[in-house]
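Commentary on secondary and tertiary structure
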Amino acid sequence: ARTFGMEGMFRQIGIYAPEGQKYRPQDADQLMYYREAKDGQVLQEGISEAGGVSAWIAAGTSYSLSNKAMLPFFIYYSFFGFRRVGDLIWAAGDQRARGFLIGATAGGSFPGEGLQHSDCSSQLVAGTVPNCRAYDPTFSYEVAVLLHKGVQEMFEQQQDVFYYITTTNENIVHPDMPEGCYEGIVKGMYLFQDAGKPKKNEPRVQLLAAGGSVLEAVRAAALLDKEFGVKSDVWSCPSYSELSRDAYDCERWNRLHPEARPRASHFAQCLEGHDGPVVAVSEYVRAVADQVRAFVPEGRRFTALGADGYGRSDTREHLREFFEIDARWIAHAAVAALAADGKMTAKDVARAIKTWKLDPEKPNPLGV
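Let me begin by describing the structure that accompanies this report.

What counts, and at which threshold
- Residues numbered from 1 in each chain as written.
- Predicted model: local features only at pLDDT ≥ 70, side-chain atom pairs only at ≥ 80, totals over all residues.
- Heavy atoms only, no water.
- Helix = DSSP H or I, 4+ residues; strand = E, 2+ residues; numbered from the N terminus.
- Rg over C-alpha atoms; globule rule 2.2 N^0.38 Å.
- Buried < 20%, exposed > 50% of the residue type's maximum accessible area, 1.4 Å probe, protein only.
- Contact = heavy atoms within 4.5 Å.
- 1 Å grid on protein atoms, 1.4 Å probe; cavity = no way out; pocket = protein on both sides within 12 Å on 5 of 7 lines; lining within 4 Å.
- Points joined across faces, edges and corners; volume = space filled by probe spheres on them.
- Pairing = 2+ DSSP bridges.
- Axes fitted to C-alpha atoms, helices over the stretch in contact; angles between N-to-C directions.
- Right-handed = clockwise from strand over helix to strand, strands pointing away.

We now examine the overall build of the protein chain. Summing up its helical and strand segments, the protein chain has 14 helices and eleven strands in all. Radius of gyration (C-alpha) of the protein chain: 22 Å, near the 21 Å computed for a compact globule of 368 residues. In terms of overall dimensions, the protein chain has C-alpha extents of about 70 × 55 × 40 Å along its principal axes. Every one of the 368 residues in the protein chain was classed for burial, and the buried ones make up 48%. When contacts within the protein chain are restricted to residue pairs at least 6 apart in sequence, those whose partners lie at least 24 apart make up 74%.

For the largest pocket, the calculated volume is near 1,300 Å³. Met6, Leu43, Phe73, Phe74 and Ile75 are the residues nearest the centre of the largest pocket, which is lined by 37 residues in total. At the level of elements, α2 (49-60), β3 (73-77) and β4 (100-104) are the ones that each hand at least two residues to the lining of the largest pocket. A volume near 260 Å³ is recorded for the second largest pocket.

Through backbone hydrogen bonds, the strands of a sheet pair up, either in parallel or in antiparallel fashion. Strand order in the open sheet formed by four strands is β3-β4-β6-β5, and the pairing between neighbours is parallel. The strands lining the two open edges of the sheet, one partner per strand, are β3 and β5 (132-135). Ignoring which end each strand starts from, the neighbouring axes of this sheet average 15° apart. The pairing of β4 with strand β6 (residues 162-166) spans four bridges and is classified as parallel. The partner of Gly103 across the bridge, within β6, is Thr166.

Turning our eyes to something else, we now look at the side chain of His274. Here His274 lies in the loop between α10 (266-271) and β10 (278-281). What makes His274 buried here is its relative accessible area of 17%. Not counting residues within four places of it along the chain, the set of residues in contact with His274 comprises Leu191, Gln206, Asp233, Trp235 and Arg300.

Within strand β9 (residues 231-236), five of the six residues are buried, which leaves it mostly tucked inside the rest of the structure. For strand β8 (residues 204-209) and β9, the ladder comprises six bridges, and the chain directions are parallel. Residue pairing across strands places Arg204 opposite Lys231, the latter belonging to β9. Handedness of the crossover is the feature at issue here: the chain leaves β8, passes through helix α8 (residues 214-228), returns alongside β9, and the resulting connection is right-handed.

On to the pairing of β6, then. Burial runs high along β6: five of the five residues are buried. Where burial is concerned, the two faces of β6 agree: the one with Phe162, Tyr164 and Thr166 and the one with Tyr163 and Ile165 are both buried. One ladder, built from four bridges, connects β5 with β6; its direction is parallel. Considered in β6, the bridge of Cys132 is made with Phe162. Note that the unit made of β5, helix α6 (residues 140-156) and β6 has a crossover that is right-handed.

Fair warning: the whole summary comes from geometry, so function is off the table for now.
Quick look at the structure:
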């Protein structure tokens, strides 16, 4: 609980102990001391992910088994815990559990505790559970929106779904919530940084990013503008899996209703009027961002970047460089895509490699 900054809950709602507090904790003289109580609501399972998720399932199914509606939160190391409870999460879906799974210290750029905590795949696996809605938010307001929507769906609307939300411990500046982005956050994509109205023959690119990659995409947009005069729209994509599900649903509906007006997915509606190749990135395996490839409008080039491979437990900057998902590599992918479209040249790609000090002979991170 302390690892994930939950000390404030100890005094407020307490840690559940059937017999109450039976000893004086060593931090009793501190503001946020360890407090156990008979009516405590925090279940401190310790190093027992199976015990934690089992308690979560019990609470998450109590609306049907005990006629007592609850929305439990299970907070754990995103990858360290996910590998140990993956089968139970599938069972939770089968039992129609409701609640929130919070994958803490998430993403392929999480440093410091070895590969056991380098989470590059839990978002992909979570997206395979039919009634699990998997999100990789970046900013605090995105998390707030997802919690609000989740409570509405599971508690008010009585939908049998549960949410998997990955969070990080990276210190960043959290901006105010942009106006009109609520539905975009829930559906998985909204315009975070608008490059403005395009000028005639001006090269444009669409940068899509999730989680820790959003700010890297913003930095990549600045690099592209400074070095090549390329303008970039930056999209925050809290859920590639939700975008893919919606697009597949529209595709299916259109096949079954050939004479009706075709439906357009949220992904397609977002890209309409925003020209240029699409570069999609996340701090998870490339397959996560690649989920939207099939729905990129015809004729638009698509590049997916991700954290494929084991990585190295060092610094975030080095990990992003290793996985080739930092601002420089994102910008380079954009230049290469524009060159392939004839909007730029091979010399421009070579200049990008030299300017941003990329190593063309660097080993593929997947094979290191």
